[in-house]
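Letter by letter, the chains look like this.
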Amino acid sequence: MPASRVLDDLLPRPGGPLPRVAVIGAGVSGLVLARMLTGAGFPVRVLDKGRGPGGRLSTRLHADGGTFDHGAQYFTARDPLFQAQVNAWREVGVAAEWRGRIGTLERGAVTPSSKESVRYVGVPGMNTLATVLAEGLGVRTGVRVERVARDGKAWRLTSDSGEDLGLADVVVAAVPAPQAVALLEGAPTLAARAREARLTPCWAVMARFAAPVALALDGAFVKDSPLSWAAREASKPGRASGERWVLHGSPEYSAAHLEETPEQVAPKLVEAFARAVGTDVRAVEAVAHRWRFAMPSPPLDTPALYDADTGLGACGDWCAGPRVEGAFLSGVALARQVVAGVAGG
């Protein structure tokens, strides 16, 4: 489809029989990699433990018809290739510019942003972009790959339930670094690099309010607070009306309260939001979601990891940068390395 053409024809088609590729993880980087290699003629499978593709491109649908983007909030584009992909998404209406009022918030004091950043969102939700990237790919969800072990010249994949997931010649871990380590044991150097990466957690709260919150911002970087971010969902293009907010806990708060239950965290972060706004706002409903591996701090100094001799690799925003764009470019980089490895062989 037009929204995918930027990636589908980006790589040359190597000659001869091509290796079977298994991509573990259906977030942005894994889907970009799978899309590019499929376009180049590789047989590709994508396996993901979630209920659908997307990773942190997540959108939660509420019973009232409203939505919450409780993972990635928006994205920017600096790289020309990623900007071309964003333009293609915009052409078919699955992405749009978010022109909400952005600024900082500190105990009731609002400071509008002085940066002229162009921010984009998926339409009607952030997960729409993952759905588009996954179209036409062999994505299997609801399966967690636990083991990648040598079987002759190939790799055999096994799920956490003991299911044999078949063989692949190339296996890519497009998952957070701590989860990638075990999948890269066949390439000790790569496993060691993945072990170096540090990712901070984030508690996200999806809150509904009966009345509009009196705040002259639609997206706020929150200072001096357990919160780091708050966003008015209905201010994003293509969203239903209603006073819905996504609240992100700061890395420090999220780490300190990592093992608390969602029921414990949600009211605390709503209370922190009220303090930040400086008025008595009370949610009629608040649900918390824990992102255990939310942000690389810092990312590695390489766009992707790949060992052509073993056929093992890894990609993600923890390699190329803590943004949707970083995940995208990491998938692109690894796809190019896989093709180069085949051509070099």
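This text follows the structure it describes.
Calculation criteria
- Residues numbered from 1 in each chain as written.
- Predicted model: local features only at pLDDT ≥ 70, side-chain atom pairs only at ≥ 80, totals over all residues.
- Heavy atoms only, no water.
- Helix = DSSP H or I, 4+ residues; strand = E, 2+ residues; numbered from the N terminus.
- Rg over C-alpha atoms; globule rule 2.2 N^0.38 Å.
- Buried < 20%, exposed > 50% of the residue type's maximum accessible area, 1.4 Å probe, protein only.
- Polar contact = N/O pair within 3.5 Å; in protein donor to acceptor, adjacent residues only side chain to side chain.
- 1 Å grid on protein atoms, 1.4 Å probe; cavity = no way out; pocket = protein on both sides within 12 Å on 5 of 7 lines; lining within 4 Å.
- Points joined across faces, edges and corners; volume = space filled by probe spheres on them.
- Nonpolar A, V, L, I, M, F, W, Y, C, P; charged D, E, K, R; others polar.
- Contact = heavy atoms within 4.5 Å.
- Core = buried A, V, L, I, M, F, W, Y, C linked by side-chain atoms within 4.5 Å.
- Pairing = 2+ DSSP bridges.
- Axes fitted to C-alpha atoms, helices over the stretch in contact; angles between N-to-C directions.
- Phe/Tyr/Trp six-rings, centres within 6.5 Å; stacked < 30°, edge-to-face > 60°.
- Lys NZ or Arg CZ within 6 Å of the ring centre and 35° of its normal.
- Parallel < 35°, antiparallel > 145°, perpendicular 65-115°, else oblique.
- Left-handed = near helix turned anticlockwise from the far one by under 90°.

1. Brief notes about the overall build of the protein chain
(1) Moving on: Regarding its fold elements, the protein chain presents 10 helices and 20 strands.
(2) Moving on: The C-alpha atoms of the protein chain give 21 Å as radius of gyration, which agrees with the globular expectation for 345 residues (20 Å, within 12%).
(3) Moving on: The dimensions of the protein chain, computed from C-alpha atoms along their principal axes, are 65 × 40 × 35 Å.
(4) Moving on: The buried share among the 345 residues of the protein chain stands at 53%.

2. So, the side chain of E260
(1) Moving on: Positionally, E260 belongs in the loop between α7 (251-256) and α8 (262-277).
(2) Moving on: Within polar-contact distance, the side chain of E260 engages the side chain of H257 at 2.7 Å.
(3) Moving on: At 3.1 Å, the side chain of E260 and the side chain of K268 are in polar contact.

3. Some words on the layout of surface pockets
(1) Moving on: There is about 250 Å³ of room inside the second largest pocket.
(2) Moving on: Lining of the second largest pocket is provided by 15 residues; of these, P19, D169, V170, A308 and G311 occupy positions nearest its centre.
(3) Moving on: Its residues assigned to classes, the lining of the second largest pocket comprises six nonpolar, five polar and four charged.

4. So, the side chain of T128
(1) Moving on: In this fold, T128 is placed in helix α4 (residues 127-134).
(2) Moving on: Within the structure, the side chain of T128 is placed 3.0 Å from the backbone oxygen of G125, a separation counted as a polar contact.
(3) Moving on: Those residues in contact with T128 that sit more than four places away from it in its chain are V94 and V123.

5. Structural notes on the nonpolar core
(1) Moving on: Residues L37, F42, F75 and W89 are the most contacted members of the largest nonpolar core, which totals 56 residues.
(2) Moving on: It is helix α10 (residues 324-344) that provides the largest number of residues to this core, a total of nine residues.
(3) Moving on: Residues within four places of F75 in sequence aside, it is in contact with F82, V86, W89, A95, V118, R119, Y120, V121, G122, M126, L129 and V324.

6. Overview of the sheet that holds strand β15 (residues 219-222)
Each strand in a sheet pairs with another by means of backbone hydrogen bonds, the pair being arranged parallel or else antiparallel.
(1) Moving on: Read across the sheet, seven strands follow the order β7-β6-β15-β16-β17-β14-β18 without closing on themselves; strand pairing throughout is mixed. The two strands at the open ends of the sheet, each matched to only one other strand, are β7 (109-112) and β18 (283-296). Direction aside, neighbouring strands of the sheet carry axes that sit 20° apart on average.

7. Concerning the packing of aromatic side chains
(1) Moving on: Inspection of the entire model under this criterion finds 11 aromatic pairs.
(2) Moving on: Seen in terms of ring centroids, F209 and F273 are 5.9 Å apart; in terms of plane orientation they differ by 45°. Their pairing is tilted. You can see F209 sitting in strand β14 (residues 199-209) and its partner F273 sitting in helix α8, a full 64 residues away along the chain.
(3) Moving on: Here F209 falls in the buried class, since its relative accessible area comes to 7%.
(4) Moving on: Since its relative accessible area comes to 0%, F273 is described here as buried.
(5) Moving on: An aromatic cluster of three or more residues is present, and its members are F75, F82, W89, Y120 and F328.
(6) Moving on: Above the plane of the ring of Y74 lies R119, whose end atom (NZ or CZ) is 5.4 Å from the centre.
(7) Moving on: The aromatic ring of W155 is capped on one face by R150, whose charged end is 4.1 Å from the ring centroid.

8. Some details on the packing of helix α3 (residues 80-91) against α10
(1) Moving on: Taken N-terminus to C-terminus, the directions of α3 and α10 make an angle of 110°; their axes are 10 Å apart at the nearest point. Judged by the inter-axis angle, α3 sits roughly perpendicular to α10. The chirality of how α3 crosses α10 is right-handed. In contact with L81, F82 and Q85 of α3, α10 contributes V324, E325, F328, V332 and R336.

9. Structural notes on the environment of S58
(1) Moving on: Looking at where S58 falls in the secondary structure, it is placed in the loop between β2 (44-47) and β3 (60-61).
(2) Moving on: Each C-alpha atom, one on S58 and one on G27, is 9.7 Å from the other, the two residues being 31 residues apart in sequence.
(3) Moving on: Ignoring anything within four residues of it in the chain, the contact list for S58 reads F68, D69, H70, G71, M126, N127 and W291.

10. Quick word on the packing of helix α2 (residues 28-39) against α10
(1) Moving on: At a minimum axis distance of 7 Å, the contact between α2 and α10 shows a crossing angle of 35°. The chirality of how α2 crosses α10 is right-handed. Residues V28, S29, V32, L33, M36 and L37 of α2 touch α10, and the partners they reach there are V324, A327, F328, G331, V332, L334, A335, V338 and V339.
(2) Moving on: Here the residues of the contact of α2 with α10 sort into 13 nonpolar, two polar and no charged.

11. Let's talk about the sheet that holds strand β19 (residues 305-307)
(1) Moving on: Read across the open sheet, the six strands follow the order β9-β2-β1-β13-β20-β19; overall the sheet is mixed. If you trace the sheet from one side to the other, it starts and ends with β9 (139-140) and β19, each paired once.
(2) Moving on: As paired strands, strand β1 (residues 21-24) and β2 are joined by four bridges and run parallel to one another. Looking at the pairing, V21 lines up with V44 of β2.
(3) Moving on: Together, β13 (170-173), β19 and β20 (312-314) form the strand contacts of α10, whose direction differs from that of β19 by roughly 10°.

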